[in-house]
Structure formats: C-alpha cells, structure tokens
Amino acid sequence: MKLLVRLAVILGGSLLFSLVTNNLFPSEDANIGAGLIFFGMLLTVSGLWGLWDGYHATSLPPVFVRWAVIAVVVGLSGPFRIWFAEGRDLDVLWSDLLNLTPFIAGLVLAPAAVGIGIGRALSGRDRSRPRSAHQQPSH
C-alpha cells in the first residue's frame, strides 16, 4: 500500500504539474524553466519522503526496494507520456527509454536513498538496539 500511495502522489503530481505548466505557459518550444522546477520537485519530494521512510522503518531493505520500484516506474512514465502526447515514434521512444528513464529514475532514487539513510541515522534505532544475552564475544 505504501508503494501505491507514493506512486499515486508522485505520478499524479507530475501529471498535474504538466497540465498546469502547459496551460499557464503554452508554447511549442521546450520550457526549460518548467523542466528544472519539475526536476527540483522530484528531488525534494523523494528526499523528504525517503527521510520519513528511513526514520520510521523497522528494516531498511524493503524501504530501498520500494523506492527502487518507484524510481523505475516514474522513470518509465516520462518516455511513455512523451510518446503518447507528441506522437508515436518508436525511435524517439527507444531513445527516451535509454536516456531519459535512467535520468528521471536517478532523480527519484538518489535523494530517496540519501533521505532514507539520514532518517535512519536520526531515528537512532541502530544504536538503541539492545544486545542479545545469547551473544558471546568471539575469541
């Protein structure tokens, strides 16, 4: 469920951002400023949500896997959105899948991973874990 909520918010926010910028600034040319704002929003949302997840996580591997899946899906959404909006050219789609997908996925996964690590460090769970009475020091 956490995966679906994060995907819905990020993909829904991306779609909403595109609709708003296309209506406020209609142009046939690329709007570089809007693209940079979008990238900044992806970085910020992923980083802060990763911080939240890292702080509240009981185990880190599932959190990293969740964010890796989110990054791949969000990364794939870009090329397919462009493909459906601007014409179905398979060469452009293939190029976007090879170049744009890893870039967008990195904009999601890198700040989320940093946020997860910082959140985990801030929670202090690793340091507060009591040692088991059954553990014997190695000689």
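Fair warning: this is a prediction, and the values are worked out from it, not measured in the lab.

Caption draft 1: View of the overall build of the protein chain. Counting its secondary structure elements, the protein chain contains 5 helices and 0 strands. Counting helices and strands in the order they occur from the N terminus, the protein chain gives α-α-α-α-α. Here the analysis covers contacts within the protein chain between residues at least 6 apart in sequence; of these, 75% occur between residues at least 24 apart. Accessible surface, the protein chain as shown: approximately 9,300 Å² in total, 68% of it carbon and sulfur.

Caption draft 2: How the structure looks around helix α4 (residues 90–123). The end-to-end C-alpha distance of α4, which contains 34 residues, comes to 47 Å, matching closely the 50 Å that a straight helix rising 1.5 Å per residue would cover. Looking at where α4 begins, the residue whose side-chain oxygen comes 3.1 Å from the main-chain nitrogen of Asp-91 is Asp-89. Looking one or two residues past α4, Gly-124 carries a phi angle of roughly 70 degrees, positive in sign.

Caption draft 3: Structural detail: the confidence of the model for the protein chain. When pLDDT is averaged across the protein chain, the result is 87; 90% of the residues are at 70 or more. Per-element mean pLDDT across the protein chain ranges from 57 in helix α5 (residues 125–128) up to 94 in α4.

What counts, and where the lines are drawn
Residues numbered from 1 in each chain as written. Predicted model: local features only at pLDDT ≥ 70, side-chain atom pairs only at ≥ 80, totals over all residues. Heavy atoms only, no water. Helix = DSSP H or I, 4+ residues; strand = E, 2+ residues; numbered from the N terminus. Contact = heavy atoms within 4.5 Å. Areas by Shrake-Rupley, 256 points an atom, 1.4 Å probe, with all protein chains shown as cover. Expected span 1.5 Å × (residues − 1). Polar contact = N/O pair within 3.5 Å; in protein donor to acceptor, adjacent residues only side chain to side chain. pLDDT = per-residue confidence, 0-100.

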